[in-house]
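Now for the letters of each chain:
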Amino acid sequence: MRLNQEEKDMLEGKNGKATQKSMEILITLGDIFEAENMIEVYGVQIAGVSYDNLGEAGLEFLNEMAEDGKVKVLTTLNPAGMDRENWQVLGIDEEFAINQNRAIDAFAKMGIITTCSCTPYLIGNSPHYGQHIAWAESSAVCYSNSVIGARTNREGGPSALAAALTGRTPNYGYHLDKNRHGQVLVSVNAPVKGTDEFGVLGKIIGDKLVELGKKIPYITGIPSATVEELKSFCASVATYGGTALFHMDGITPEYNKYPKPSDVRFEIIQNEIESARAELIDDGIEIDFVSIGCPHASIHEIANLAKLLEGKKVKKEFWITTARPTKKIADEAGYTKIIEGAGAKFAADTCCVVAPIKGRFKGIMVDSAKACYYGRAKNKFKVKIGSIEQCIEEATR
Amino acid sequence: MKLKGRKVYKGVAEGEAIVTKDGISFYGGVDPETGRVVEVGHELEGQSITGKVLVFPTGKGSTVGSYTMYRMKKNNTAPVAIVNKEIDTIIAVGCIISEIPCVDKINISNIKTGQKLFVNGSEGTIEIVD
């Protein structure tokens, strides 16, 4: 791989040990994936933040990097294992809280903005079209590549950190035009509406892509979609299909840039949406937990929740997971007061995928297909998907 | 017999080979405290990889696996070197952060469990000593 003088200096250790180790990681990955050079990145999103996933080993690695490592570009964090202010109310034990804060402190020492959210693009880590970035967090990778038209590979925790400490990423994969073409034409011949239904659509397409061994769908037949619907779709298609990029006719910015795929295609009809929805509802579920905000709820979603919850009382544990900055807007706007007045709880900085809540509830109802996957696989809950309105109906029943 | 592959991570190591045809997920599939493979149904289930030259086709599973390898290194339960048919991101990053010599693009069917191997990660070669 070709390196410029600055990159060679980093590799030789002239900028310290953490930067040197980071350059070693990036060069090795670049060699494996046959990158010709390094490119500068505008920003980084780091995953592997929850102590539940990092463990003591991950934490030790972070501390070692934090000895002399400082980020060179705008860098934000994925959700942590707990709400940093409100963890006690949400039933997180103290030992976990201490360890979680040790991990966040190590990130902060490196100059990372400790936002702890899976929706960096909603809170200021917002690249523009065509910009190179290095993001972990599969749903945000899919959103930035597809909806924004920025360029990133699916980074893991250490490779994203390495990009942050060097400001570089190896130039391969989704950074290159030739790897961004749609591979499968998907015609949606059914109405799709709401975050839940866009999640169901993401599952259908994701499952089908795995079956076909393809990665990039070109989707037609969706006349319009909100940011919230697209964020739900991204999370789902990334979870079920490993998808990092899709094109959507008339909606995403690169839909017209490359030739449309023609040799591989499939159609989605109403029946399939109904049966995929049924797959996300477990038999015999007894719901004792309702959660909205996977990916993290936007201020628009929170405003809507406040409207729907006003004057009602929830009778089940009800979490709204969101980014701390979004929660602060909700505080200012008076939404928090209404929502908490109804008995629902905010869980900022965290989410149901990474919080240590395995086995704590029997059945969870959500509007997110991604949350269904991890609710089952990681937390051993029974799951049910429904619209925001259905989730509130269940919670207040 | 000397085999030429590709350098993944520098350094040299010598040890007894433990070979499997199955992929390895360090996160969840290997116990970092004991160094044993714990994945149910894995060809190496119950066997220790500590101090061995671990030979397998490629990595699989969660990216957290890189951190598990680091933890094994700190616990002194890690393998001394890794040889893959085709490296993946998780194992590559794990070797770099844990400083475990690693070579890939090796025809691993030439290697048998119990053979003594000399791995040169800096050159990208391995040698079957006996």
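Our subject in this report is the structure included herewith. (Residues numbered from 1 in each chain as written. Chains lettered and ligands numbered in written order. Predicted model: local features only at pLDDT ≥ 70, side-chain atom pairs only at ≥ 80, totals over all residues. Heavy atoms only, no water.)

Focus: the packing of aromatic side chains
Residues and elements named next belong to chain A. Defined as follows: Two aromatic rings from Phe, Tyr or Trp, using only the six-membered ring of Trp, form a pair when their centres are within 6.5 Å; if the ring planes differ by under 30 degrees the pair is stacked, by over 60 it is edge-to-face, and anything between is tilted. What counts as a helix is a DSSP run of H or I of at least four residues, what counts as a strand is a run of E of at least two, and both are numbered from the N terminus. Summary of the burial criterion: residues with accessible area below 20% of their type's maximum are buried, those above 50% are exposed, and those between are partly exposed, where the area comes from a 1.4 Å probe applied to protein chains only. Placement of a charge over a ring requires the Lys NZ or Arg CZ to be within 6 Å of the ring centre, with the centre-to-atom vector within 35 degrees of the ring normal.
Throughout the structure, instances matching the rule amount to 12 aromatic pairs over all chains. Ring centres 4.0 Å apart and planes at 20 degrees place the aromatic pair phenylalanine 289 and phenylalanine 361 in the stacked group. Linking phenylalanine 289 in strand β10 (residues 289–297) with phenylalanine 361 in the loop between β12 (345–348) and β13 (363–366), this pair joins segments that are 72 residues apart in sequence. There is no split in this pair, since phenylalanine 289 and phenylalanine 361 are both buried. A network of ring pairs unites the aromatic residues Phe289, Trp319, Phe361 and Phe381 as a single cluster. Sitting over the face of the ring of phenylalanine 266, lysine 208 holds its NZ or CZ atom 5.6 Å from the ring centroid. A cation sits over an aromatic face here: lysine 327 above phenylalanine 346, 5.6 Å from the ring centre.

Side note on the sheet that holds strand β8 (residues 102–104) of chain B
Residue and element names in this part refer to chain B. Stated precisely, the cut-off is as follows: By the convention used here, strands pair only if DSSP detects at least 2 bridges between them. To obtain each axis, a line is fitted to C-alpha atoms, and for helices this fit is confined to the stretch in contact; angles are then taken between N-to-C directions over 0 to 180 degrees.
Read across the sheet, 8 strands follow the order β1-β10-β9-β3-β6-β7-β8-β2 without closing on themselves; strand pairing throughout is mixed. Every interior strand has two partners, whereas the edge strands, β1 (2–4) and β2 (6–9), have only one. Neighbouring strand axes in the sheet, compared pairwise and without regard to direction, differ in orientation by 30 degrees on average. Of the strand pairs in this sheet, strand β6 (residues 53–56) and strand β7 (residues 81–84) are connected by 4 bridges, and their pairing is parallel. Residue pairing for β7: valine 55 is matched across the bridge by valine 83.

Describing the side chain of threonine 166 of chain A
All names here are of chain A. In plain terms, the rule: Definition of a polar contact: a pair of N or O atoms within 3.5 Å, with one able to donate and the other able to accept a hydrogen when the atoms are protein atoms, and with sequence-neighbouring residues admitted only if both atoms are side-chain atoms. Whether two residues are in contact is decided by their heavy atoms: any pair within 4.5 Å suffices.
On the secondary structure map, threonine 166 appears in helix α6 (residues 157–166). Residue class for threonine 166 comes out buried when judged on its relative accessible area of 0%. Here the side chain of threonine 166 touches alanine 162 through a polar contact of 2.8 Å, landing on its backbone oxygen. Leaving out residues up to four positions away in the same chain, threonine 166 has contacts with Met10, Thr19, Ser22, Met23, Leu26 and Lys72.

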